[in-house]
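The primary structure of each chain is shown beneath.
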Amino acid sequence: MTAPIAQDVLASATLHLDVLEEFIAVVRRRLASTTDTFARDSLTDLLLNLTEQRDGYQAFLPLAAAEPV
């Protein structure tokens, strides 16, 4: 059995996930609007990093749903 996760940790993870989602949307818009090859490569790398981070925070969502209020 795992120990309960503190509500503040879950709230923080949810906040981080929201911020990452917003930042990912900004990067996608900028990626779509640029034709510069270097900028596109850089933004693609950034997008990959951000989505990996998002995936890590999404792992907390089932735990947050299972926590008693």
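Model, not experiment: these values are computed from the prediction.

## Let's talk about helix H2 (residues 37–58)
With 22 residues, H2 should cover 32 Å at 1.5 Å per step; its first-to-last C-alpha distance of 31 Å lies within 8% of that length. Every buried residue of H2 is listed here: Leu43, Leu47, Leu50, Thr51 and Arg54. Considered in projection along H2, the buried side chains sweep an arc of 105 degrees and stay on one side of the axis. Of the exposed residues in H2, the ones pointing more than 90 degrees away from its buried face are Phe38 and Asp45. Looking at the buried positions of H2, the neighbouring elements they touch are helix H1 (7–33). Between the side-chain oxygen at the start of H2 and the backbone nitrogen of Phe38 there is a gap of 3.2 Å, and the oxygen is on Asp36.

## Quick look at the nonpolar core
If you look at the biggest cluster of nonpolar residues, it comprises 7 residues: Leu20, Ile24, Val27, Leu31, Leu43, Leu47 and Leu50. Looking at this core, the elements that each hand over two or more residues are H1 and H2. It is H1 that provides the largest number of residues to this core, a total of 4 residues. Here Leu43 is in contact with Val27, Arg30, Leu31 and Thr34, once residues within four sequence places are set aside.

## Some words on the pattern of salt bridges
Applying the stated criterion across every chain yields a total of 2 salt bridges. Between Arg54 and Glu21 there is a salt bridge, with its nearest N and O atoms 3.6 Å apart. Pair noted here: Arg54 is in helix H2 and Glu21 is in helix H1, with a separation of 33 residues, a long-range link. A residue is classified by how much of its surface remains accessible, and Glu21, at 33% relative accessible area, is partly exposed. Among the ionic pairs, Asp55 bridges to Arg54, the shortest N-O distance being 4.0 Å. Residue Arg54 is classed as buried on the basis of its relative accessible area, which comes to 15%. Linked through salt bridges whose partners overlap, the residues forming this network are Glu21, Arg54 and Asp55.

Criteria and cut-off values
Residues numbered from 1 in each chain as written. Predicted model: local features only at pLDDT ≥ 70, side-chain atom pairs only at ≥ 80, totals over all residues. Heavy atoms only, no water. Helix = DSSP H or I, 4+ residues; strand = E, 2+ residues; numbered from the N terminus. Expected span 1.5 Å × (residues − 1). Buried < 20%, exposed > 50% of the residue type's maximum accessible area, 1.4 Å probe, protein only. Arc of directions from axis to C-beta. Contact = heavy atoms within 4.5 Å. Polar contact = N/O pair within 3.5 Å; in protein donor to acceptor, adjacent residues only side chain to side chain. Core = buried A, V, L, I, M, F, W, Y, C linked by side-chain atoms within 4.5 Å. Salt bridge = Lys/Arg side-chain N within 4 Å of Asp/Glu carboxyl O.

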